[in-house]
Amino acid sequence: MTKNTYDVAVIGGGAAGLNAALILGQARRSVVVFDNGAPRNAAADHMNGFLSRDGMNPAELVTIGRGEVRKFGGEFHDGTVVAVVRTDDGFVIELADDSTMSVRKVLVATGLTDRLPTELEGFGERWGRDVLHCPYCHGYDVRDQPLGIIAKNVDMAMHQAVMVRQWSDDVVLFLHRIAELGAEDREKLAALDISIVDGLVAAPVVDDDRLVGLKLADGTTVARSAVFVGGAITMDPNDSILRSFGAATATTMMGEFVTADAMGATSVAGVWAAGNVVDPGAQVIMAAAAGAKAGAGINMALTADDLETALALRRSISA
Ligand SMILES: Cc1cc2nc3c(=O)[nH]c(=O)nc-3n(C[C@H](O)[C@H](O)[C@H](O)COP(=O)(O)OP(=O)(O)OC[C@H]3O[C@@H](n4cnc5c(N)ncnc54)[C@H](O)[C@@H]3O)c2cc1C
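Conventions we followed
Residues numbered from 1 in each chain as written. Predicted model: local features only at pLDDT ≥ 70, side-chain atom pairs only at ≥ 80, totals over all residues. Pairing = 2+ DSSP bridges. Helix = DSSP H or I, 4+ residues; strand = E, 2+ residues; numbered from the N terminus. Contact = placed C-beta atoms within 7 Å. Axes fitted to C-alpha atoms, helices over the stretch in contact; angles between N-to-C directions. Near = placed C-beta within 6 Å. Nonpolar A, V, L, I, M, F, W, Y, C, P; charged D, E, K, R; others polar. Domains from an automatic or database assignment. Expected span 1.5 Å × (residues − 1). Buried ≥ 20, exposed ≤ 12 C-beta atoms within 10 Å, placed from the backbone. Right-handed = clockwise from strand over helix to strand, strands pointing away.

### Here we look at the sheet that holds strand S11 (residues 195-197)
- Ordered in space as S8-S15-S9-S10-S11, the five strands form an open sheet in which the pairing is parallel. The sheet terminates laterally at strand S8 (131-132) and S11, the two strands that pair on one side only.
- Sheet topology places strand S10 (residues 171-174) next to S11; three bridges connect them, and they run parallel. If you follow leucine 173 over to S11, its bridge partner there is isoleucine 196.
- Across the face of the sheet, helix H4 (residues 154-164) comes into contact with strand S9 (147-151), S10 and strand S15 (226-231) while running at roughly 160° to S9.

### Considering the site of the ligand
- Taken together, 38 residues lie around the ligand, and Gly12, Gly14, Gly111, Gly275 and Gln283 are the ones closest in.
- Contributions of two or more residues to the shell around the ligand are made by helix H1 (15-26), strand S2 (31-35) and helix H7 (284-318).
- Among the residues forming the shell around the ligand, the class breakdown is 17 nonpolar, 18 polar and three charged.
- Residues lining the shell around the ligand come from more than one domain, with at least three contributed by each of domain 1 (5-113 + 235-318) and domain 2 (117-231).

### Section: unusual backbone geometry
- Here aspartate 144, not a glycine, exhibits a phi torsion of approximately 65°, which is positive.
- Inspection of the secondary structure assignment puts aspartate 144 in the loop between helix H3 (135-138) and S9.
- Positive phi, normally seen in glycine, also occurs at aspartate 208, with a value near 50°.
- Locating aspartate 208 in the fold gives a position in the loop between strand S12 (201-207) and strand S13 (210-216).

### Some details on H1
- Taking 1.5 Å of rise per residue, 12 residues should cover 16 Å, and H1 covers 16 Å from first to last C-alpha, within 8% of that figure.
- Here H1 lies mainly inside the structure; 11 of its 12 residues are buried.
- Buried within H1 we find Ala15, Ala16, Gly17, Leu18, Asn19, Ala20, Ala21, Leu22, Ile23, Leu24 and Gly25.
- Those residues of H1 that are buried are in contact with strand S1 (5-11), S2, helix H2 (58-71), strand S6 (100-108) and H7.

### Side note on the pairing of S9
- Of all five residues in S9, five are buried; the element is thus mostly enclosed.
- Neither face of S9 is open: one carries Leu147, Ile149 and Ala151, the other Gly148 and Ile150, and all of them are buried.
- Judged from the four bridges that link them, S9 and S10 form a sheet pairing that is parallel. Bridging from a neighbouring strand, glycine 148 pairs with valine 172 of S10.
- Once you follow S9 into H4 and on to S10, the crossover reads as right-handed.

Here it is as structure tokens:
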């Protein structure tokens, strides 16, 4: 069992956590970053939409980020944080390997987990290649191709179908488990030349390691080279640590998420959060920016604590 003390524990070393650690290191705070090596975009071989890093492999961003954090004294602990416990003067971080560390403040940047509905689990092995969640991450890569949409409800179906149409004029909405689509929605889809296919989707059809179609339960195959399932998946925030403190939550289009203010502060004193764990819509650059703000917010809080301690000391000496 090891025991160390740091100003800040950053739990999760993706874009959000690393940018927070960078800001904190440059603010001359001692930081330890815990990470268990399962970033959300692990399946993707490149990143879109990040100015100056466009097309970079996501793992490369993490490697470069770790190097930058180390330059300013940041340390890394590769492992899973299983619990965070409040103490009189901060928190104790408990790891799966039974080690513990003491810290003054905590940033949770643990991301989220995408889950396909059970009946679409067969699509999982194509995740991030031609089974896609977000047109801003993948749309340009599959532009002008025959695309499909599967969603769990009418709102998500309409949202994704209308949006994905921006990248291709050959879009099919698979109704799958949507029992009814109203006349007005059908008219909107017709206006954009989006076709509707009724019936349950059963499986991906793959040839030479590429999606070539979607097989329906009735045996027919609809040729498609990519399918957007962002409206069908569940985005589960990895927020057990935040929830263990009873952090306040709010309902979003993607479900119940812990809330954080503009500087990443949660409702729990001493605990900040940034990135996909609190913001399901955040792409990498937004997660990084949220981490940077949280880093500044944490430094501000530490500065206020340090001032209070210095004042108390000064007054005790002069008393
Ligand atoms: C297939 C796919 C492709 C994508 N493509 C793009 C794209 O092209 N462009 C783009 O901008 N965005 C893309 N995204 C979105 C991108 O993944 C997120 O914006 C980004 O990962 C959010 O960063 P984050 O730091 O919040 O979380 P993450 O990057 O997921 O990092 C969280 C980290 O926390 C660690 N962790 C979790 N729990 C614990 C724990 N208890 N203890 C220790 N460590 C823990 C994880 O191992 C992980 O490394 C894509 C997403 C997917 C699913």
